[in-house]
Structure formats: structure tokens, C-alpha cells
Amino acid sequence: MAEKQEILEGAMAVAHAVARCRPEVIAAYPITPQTHISEELSQIVADGELDAEFVKVESEFGAASVILGASATGVRTYTATSSQGLLLMSEVLWNIAGMRLPVVLACANRSISAPLSIWCDHQDAEAIRDCGIIQFYAEDNQEACDQHLIAYKVAEDRRVLLPVMVNLDGFLLTHVFEPTILPDQQLADRYLPPYEAVLKLDPANPATFGAFTEPDKCMEGRWMVHDACMRSLPVIEEASAEFEKVFGRPSGGLLEEYKSRDAETILIAKGSLCGTIKDVVDEMREEGTKVGLLRIKTYRPWPTEAVLKAVSGAKQIAVIERGASFGAGGVMTPEVKETLYDAGMQTPVSGFCVQLGGREVPPDGIREIVDRVASGEKQTAYEYFRLKTEILPELVPGA
Amino acid sequence: MEFDYRDRVLVPGYTSCLGCGEAMAMRIVAQAAGKNTIFTSCTGCSEIFTSRYPTSSWAAPWIHSLFENSAAVASGVYYALKHRGKLEGVNVIGTGGDGGTADIGIGCLSGALERGDDILYCCWDNEAYMNTGIQRSSLTPFYAATTTSPAGKASWGNDRPKKDIPAIVAAHNIPYVGVGSCGYYRELPRMVKKALSYRGPKYLQIHSVCPAGWRSDPSQTAVIARLAFETGCYPLYEIIEGETKPHKPPKEGWKHVEEYLKPQGRFRHLFRAEGGEGQIVRIQALAGANIRKFYGDDAVPDFAKEAEKKAEEMAEEQEAEATA
Ligand SMILES: Cc1ncc(C[n+]2csc(CCOP(=O)(O)OP(=O)(O)O)c2C)c(N)n1
Ligand code: SF4
Ligand SMILES: [Mg+2]
């Protein structure tokens, strides 16, 4: 069946894709740049196009908690947020993952205050990196939509039962109009049958959720979250393959290898930045530079083996991030290094924070990074790329 | 006498302290609501003493998520049941301690009430954060000593009166607000059933004696709970569709607050430290005001009126000193 392309704003497209997943309870709270997703979902419900409960909560903390209760009662749930909202949710999100509830949410990635900024970077999602939520990153709006369907498929898979978060870059995707194919409802229904929980709050079969454990058992409970996360790797690949079968076009997956098979220099990145990087790769390839991109689509669980396979031929690697770990280095950069180190490889890895808080990353910046690492420049510390030292105030007053 | 526990909703074997009023209240509420109820819980004593993995004291579905979100989790349960058309005959009861309800969880509670979610929320009011070792909450009574509002040379204990949560809750225009007590255990099932007979959000707060935190004799839990009411320290009432219905006044008349304070270690400093007795006047004055609020001026006993006058004078003196 041919599905038709429409010119849609990213957030709108996501809302309609989510509606076709038929979530039963939705709870969300306004925050830029996520807001259009929840506004549009409210409208879809108000128009009677989706039979769902849209719960008007008093905060993101409330949103996540309502979703938790609803999911534990055995229904399909959805929420979306950004930045401060995600951080306010974070205590609940850790709990959702620990309780193995297959919640799906979107994060319209935005910088964290202070200084206050509504623009894009990945520090919000990375702040909850370790909680056991599966994290997808979209490069464009089509992928953001498709990843929502795959997210439900993976989350609800009985081998997994974990929350999944789809990351789409704030403004860069949420507010950009692109030709997008919304999933056909019949196909979506075929791909995602109604959700039936393994265990739920049900008077006919009473169960206790959220008990407390003594030290002799707690670690095992926590390890099971890790284990489920790791088990999701092949499930994500299966769910993506099935997506292609049902919808007739590929989407999802763990990562994308873009002209990287024979590349000497491999760039690693995630999110919409990869669009810019691909343009630079194309140009430099034409100029004869052997450069390629490894795009991380599934960031948690970290696809160690797939990454290793993809970069094993590289002479040097540059990780390009929209994140940082203040007081240490990058976020994804050390993960790439760990992957290589554990495999006994010595490939030099450089890490660059190309922006925080929405600054544009021009193609010539990517080009500069490629040139520098390809020339054999050795990095000694994670680099805040093109930091404007001239606008910094006196760093240590009086020193 | 043999007991048959098969019909119990909160099954014996939980690990509360001896004489725990919170356990009493919970047991009664659970039994009155019945097994067709889904319970949500805040972090706190009640959660810890009923859900030590791999055991559970709950014969009904029960979920604990965090300290401050029990009301929102209950809302989520409610919307899920509503969506699947499974609300008929099923109660959703959110629960939490005074800390989880009146302090850190008040946002989620207010949200659920304001939305009109069809849930009953029960607060076990033992007047402090007991699970973490008796710290002060906004429901800790005036001059009670806790580990974060200790008595000392420069302190008579907690220096603020209780936050009026029932009034705050009632301001959400909900059909039922009840304030009960573990000491009036025969009243509680009626209150629970009354509450559950209404659609929409309901709130029930239950004064729950905590022998460990109040430093009281575990065998005297019910007696102390009743003294809280009989002295005017803890008024019991219902607000049903906006109309306030106070509990019938004590048969033998209102008692002096000392009778309530004396058996509790948390007020011991008032009887031991120099000048303490004089400070009890302030508690008596608060109790007098409570009695007036629910039963009218004529009901306020003379000793309470005197205390109110004295407390006022004390306040004026203090102010004069402060401005001098
Ligand atoms: C966000 C958060 N802050 C603090 C705590 C620690 N904590 C757990 S239970 C509790 C006190 C509970 O007091 P209350 O709600 O009155 O219940 P009680 O134990 O007295 O029954 C505290 C402070 C926590 N679990 N979560
Ligand atoms: S500390 Fe108090 S509330 Fe907690 S179990 Fe003991 S008596 Fe009950
Ligand atoms: Mg308490």
C-alpha cells in the first residue's frame, strides 16, 4: 500500500504518528520545544480521532507519575517533554524503568538551565542515560515518527518490558516542516496489536508492585534492568526489520553506517546534526578524503558490537557531541573509547562538544574537525569546539 | 478465639512497631474498602512494613512508586480503568503519610483533586516523618519535639501549628473530606464507605498514633488518640458536599490538653523544663480555638478561654520585647 507524503511540522507529525499507535492514557505538560506534540495530541483526542484519556497534569512530575500508574494498570501510555521537564520527571522515569513498565515518551531535546536556553542540545536526555530507558535518536522527522512505532513494539516485547524514549532535536526537528509519511492506520494496527500486560494492577489477580528489597536481593533486581536493556538489542533489530516488512520502507535499527565502510576517518554522532555531517562527508569524499559517518540511532542500550564492527577499519575517530560531562570529558566519547579498549584496539579517538544551547554547527566546523584528526593531531582532552574565549568574563576574579 | 484471616485485605504479619496507629488505620480502611480496591502508596512506614520483598501483606492490588506521587499514580490507575471500562465496582485508593501528603506530595494531590479524578486519598497522619526517624512535617503539632524540631534551651520544639490540609483539600470543592482517628476505629469503616459512595475525589485524613515517634506506651494508642479529640487538639469532622459535620462532642466535656500531652515523650520537655508549664497555655489556646471553630463559642470551656487570653498576653509581651 502506497502511503502518501505530507508536508508537516515535526511535532505535528510525531503527534499523529503517536495517535496511530493508539495510546490509551496520555499525560503531558507544556514546555518548549515539546509543546506542539502534546497540543496536537489534545486536539486529536478533542476531535474524537483518538479514543484516549488526555490527563491535564500539574507538572511533568505528575505526568510521568500518572503514566506510571496507568501503565501498571495495563494500558498503553504516552508522554512527551524536554529539558527541565525531563529532569523533573527523572525520579519517576528511573522508577518506571525499575518497575519494567513499557512506557513510551518523546524528548524534544533542549539545553538545561542555567544559563536558561530553550535551544537544542542533548544534555537533558544524557542526564537520565543510566536509568534503564532505551533511547532512540532521530535524524529527521520521518525517523522520529517511525521510531515511535518501533518504540512501542520494543517496549512491550516480553523479552524487554522497558520504557523507550525517542529523542528528536528541539526546534531543529520539532519545528521544521518536512515531507513525512504518516503511518497508515491499518498498517499501524497490524504492526502494533493492542497491548496486553503480563502483570497489572487487577483485583482479580492481586499483585504487589514496587516492594522494597534488602541488600541481599536489591542488586539482582537492578541487574535485571540492565539485562533487559541488553536483551533489547536484537529485539530492536527485529522490530525494525518487521517495520520494513509492514510499511515497505526501512527505518529504525541500532545505527547507520554512512560511507564509513572504507573510511579512514570516522565521525560518530547522533541526532539531526548527522544531516549536516553527511553533507560534509559527501563533499570531502568528492575531494578524495576517506571520511564516513557512524550515526548512533540507538544510544541505550549502547550497541557495543555493532559500533565495534563499524569502526574496526578506521585509522582515527572523532566523536561529535551535543553533550558534555562537566568536570570530566564527553558523554559518548568515553563510551567509544571503552568499546575500543575492551576489544584491545588503539584507534585514536577525539571528542568534540560542537554546541550546547542551540548554536549552529556550520559545515566548515565539521570539515575542520575531519582535517585535524586526519592530519594525526593527538587530542589530550575533550574539546569545547570553537569556544568563544573572547566573550568569557574574567575566569577567576582577582587571581 | 480463632481468627480467620482469609478475608483480610491487609493480612497480618506486617512488621510495624507494636501499637502502631498507622497500621490500625490502614487495616480498617483496607477492610472497609474491600478486595476490589487498587491501592497506591507513598514511601514511608506503611510501605516499608507491608512490602518487604519477597513478602507482601496486601491481598489486594497495591503499588508503591515514590515518596511524593501516590495521588498521581492513583490518578493513572483511575484513567486506565476508565479507559478500559473497568471502573465498575472497583475503588482506587491513594495513600500516604502526612509528609508524603501534606508536604512533598501536595502538588500531585492537588492535581488529582482539581481534575476531579474518581479516587479516595487517605492520609495517615502520624504527625512527622517517621520512616526516616521522626523529623518534623507541616502536620507536626505545635511544640512537639522531633529530631529536626528538637526542644532545647532556645526551643520549645516545633514552632508552627499544623497546616490545615483538610481546608486546603476542601477548597478544591470535592464531595467528601473526612478527618478520623485510629482511636475511633468504629467510626472509620463508616467514613470509608461514606467517602466511597461519592463520585469524584475524596479525602480522608486519619490521626494515627505512633508510639515510636511520639514516645508513648504502645498499649495506650487508642486511648491517646481519643484524648487528642477529647482535648480539642485534633478535631474530627466531615465536610460532605460543602457542609461541615463535626464529630459529636465528648460526653464528659472537653478535657485539659495536659491529659493528652503528658503520656507522650514528644511533649515531655513542656513538663520538665523551667517555664514549660506556662507554654502549655499556648497549646490549650489552640485547642480552644479548634473547639470554637467546630462547636461555637459556647462550647469552649472556661479554662480554654482563659488560656486563649493568656496566650494573647504572652504574644503581646513578646512583641513588646522584640520592638523594645
Ligand atoms: C524525594 C524523597 N525525599 C525524601 C525521601 C526520604 N523519605 C522516605 S519516607 C520519608 C518520610 C515519610 O514520612 P511520612 O510521609 O509522614 O510517612 P510515615 O513514615 O510517617 O508514615 C522520607 C523523608 C524519599 N524517599 N524521597
Ligand atoms: S515508627 Fe510509628 S508509624 Fe512507623 S511503624 Fe513504628 S509506630 Fe508505626
Ligand atoms: Mg508521618
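Heads up: the structure comes first, above all this text.
First, a word on scope: everything that follows refers to the structure included in this document. (Residues numbered from 1 in each chain as written. Chains lettered and ligands numbered in written order. Predicted model: local features only at pLDDT ≥ 70, side-chain atom pairs only at ≥ 80, totals over all residues. Heavy atoms only, no water.)

Okay, the overall build of chain B next. Each helix and strand counted, chain B has 13 helices and ten strands in total. Taking 324 residues into account, the globule formula puts the C-alpha radius of gyration at 20 Å, and chain B, at 20 Å, falls close to it. In terms of its C-alpha atoms, chain B occupies a principal-axis envelope of roughly 65 × 40 × 40 Å. In chain B, which comprises 324 residues, the share counted as buried stands at 56%. When contacts within chain B are restricted to residue pairs at least 6 apart in sequence, long-range pairs at least 24 apart make up 69% of them. In the structure as shown, chain B presents an accessible area of about 13900 Å², 52% of it carried by carbon and sulfur atoms. Charged side chains in chain B number 36 positive and 38 negative. The centres of these two groups are separated by 7 Å. (Helix = DSSP H or I, 4+ residues; strand = E, 2+ residues; numbered from the N terminus. Rg over C-alpha atoms; globule rule 2.2 N^0.38 Å. Buried < 20%, exposed > 50% of the residue type's maximum accessible area, 1.4 Å probe, protein only. Contact = heavy atoms within 4.5 Å. Areas by Shrake-Rupley, 256 points an atom, 1.4 Å probe, with all protein chains shown as cover. Lys, Arg positive; Asp, Glu negative; His and termini not counted. Charge placed at Lys NZ, Arg CZ, Asp CG, Glu CD.)

On to the site of ligand 2, then. Residue and element names in this part refer to chain B. Around ligand 2, the neighbouring residues are S16, C17, C20, C45, F49, N126, C210, P211 and A212. When contributions to the shell around ligand 2 are tallied by element, the ones reaching two or more residues are α2 (45-50) and α8 (211-214). Split into classes, the residues belonging to the shell around ligand 2 amount to seven nonpolar, two polar and no charged. (Near = heavy atom within 4 Å. Nonpolar A, V, L, I, M, F, W, Y, C, P; charged D, E, K, R; others polar.)

Before going further, it helps to spend a moment on the site of ligand 1. Neighbouring residues of ligand 1: 18 residues in total, closest E22, C45, D98, G99 and G100 of chain B. In this structure ligand 1 sits where residues from chains A and B come together. At 2.9 Å from an oxygen atom of ligand 1 is found a main-chain nitrogen or oxygen belonging to G99 of chain B. A128 of chain B is positioned with one of its backbone polar atoms (N or O) 3.0 Å from an oxygen atom of ligand 1. Protein contacts shield 78% of the accessible area of ligand 1, which totals 590 Å² for the unbound molecule. With three residues, helix α4 (residues 98-103) of chain B is the largest single contributor of residues to the shell around ligand 1. (Polar contact = N/O pair within 3.5 Å; in protein donor to acceptor, adjacent residues only side chain to side chain.)

Quick look at the coordination of the magnesium ion (ligand 3) now. Residues and elements named next belong to chain B. Coordination of the magnesium ion (ligand 3) by the protein is provided by D98 (OD), N126 (OD1) and A128 (O), with metal-donor distances spanning 2.0 to 2.1 Å. Here the donor residues of the magnesium ion (ligand 3) are spaced in sequence according to D-x27-N-x1-A. Each member of the pair, N126 as well as A128, is classed as buried. (Donors = N, O, S within 2.8 Å, 3.2 Å for Na, K, Ca; no water.)

So, about the pairing of strand β14 (residues 316-321) of chain A. Residues in a regular strand point their side chains to alternate faces of the sheet. All names here are of chain A. Judged by how many residues are buried, β14 sits mostly within the fold: six of six residues are covered. Where strand β11 (residues 265-269) and β14 come together, four bridges link them in parallel fashion. Across the sheet, residue T265 finds its bridge partner in β14, namely Q316. Where β14 meets strand β15 (residues 349-353), five bridges bridge the pair, whose relative direction is parallel. Looking at the pairing, I317 lines up with V349 of β15. With respect to chirality, the unit in which β14 leads through helix α11 (residues 333-342) into the neighbouring parallel β15 is right-handed. (Pairing = 2+ DSSP bridges. Right-handed = clockwise from strand over helix to strand, strands pointing away.)

Taken together, the contact pairs 38 residues of chain B with 40 residues of chain A. Both faces combined, the contact of chain B with chain A buries some 3100 Å², and carbon together with sulfur accounts for 63% of it. It is Y53, H83 and R84 of chain B that lose the most area in chain B upon contact with chain A, and together they represent 21% of the buried surface on that side. Our count for the contact surface shared by chain B and chain A stands at five salt bridges. A salt bridge links R84 of chain B to E24 of chain A; the shortest N-O distance between them is 2.8 Å. Inspection of the region where chain B meets chain A yields 19 residue pairs in polar contact (both at pLDDT 80 or more). Of all the secondary structure elements, the ones that give two or more residues to the side of chain B that touches chain A are α2, β2 (62-64), α3 (70-83) and α5 (106-115) of chain B. Taken together, the residues of the side of chain B that touches chain A break down into 19 nonpolar, eleven polar and eight charged. Where strand β9 (residues 208-209) of chain A and β2 of chain B come together, two bridges link them in parallel fashion. (Buried area = accessible area lost by both parts, 1.4 Å probe. Salt bridge = Lys/Arg side-chain N within 4 Å of Asp/Glu carboxyl O.)

This part covers the sheet that holds strand β10 (residues 255-258) of chain A. All names here are of chain A. The six strands are arranged β10-β12-β11-β14-β15-β16 in an open sheet whose pairing can be described as mixed. Only two strands of the sheet have a single neighbouring strand rather than two, namely β10 and β16 (383-384). Sheet topology note: the β10/strand β12 (residues 291-296) ladder contains four bridges and is antiparallel. Note on β12: the bridge partner recorded for E256 is R295. Across the sheet, α11 is in contact with β11, β14 and β15; its angle to β15 comes to roughly 165 degrees. Its contacts with the sheet place helix α12 (residues 363-374) against β11, β12, β14, β15 and β16, and it is angled at close to 150 degrees to β14. (Axes fitted to C-alpha atoms, helices over the stretch in contact; angles between N-to-C directions.)

On to the layout of surface pockets. All names here are of chain A. Empty space within the largest pocket amounts to approximately 1100 Å³. The wall of the largest pocket is formed by 34 residues, among which G98, M99, R100, G210 and A211 lie closest to the centre. Of all elements in the fold, only α4 (83-98), β9 and α8 (215-247) reach the threshold of two or more residues within the lining of the largest pocket. Looking at the lining of the largest pocket, the element that brings in the most residues is α8, giving seven residues. Per-class residue counts for the lining of the largest pocket are 18 nonpolar, eleven polar and five charged. (1 Å grid on protein atoms, 1.4 Å probe; cavity = no way out; pocket = protein on both sides within 12 Å on 5 of 7 lines; lining within 4 Å. Points joined across faces, edges and corners; volume = space filled by probe spheres on them.)

Together, E312, E313, E316, E317, E319 and E321 of chain B give the surface a local cluster of negative charge. Mapping E313 of chain B onto the fold places it in helix α13 (residues 302-323). (Patch = residues over 30% accessible without salt bridge, like charges linked within 9 Å, V, L, I, M, F, W, Y side chains within 5 Å.)

Turning next to the nonpolar core. Residue and element names in this part refer to chain A. I37, L41, Y78 and I268 are the most contacted members of the largest nonpolar core, which has 173 residues in total. Element by element, the count of residues in this core is highest for α8, at ten residues. Residue contributions to this core reach at least three from each of two domains, namely domain 1 (5-247) and domain 2 (255-392). With near-sequence residues (within four places) excluded, L41 lies in contact with A15, V18, A19, I26, L50, F54 and Y78. (Core = buried A, V, L, I, M, F, W, Y, C linked by side-chain atoms within 4.5 Å. Domains from an automatic or database assignment.)

Purely spatial values, then, with no claim about function.
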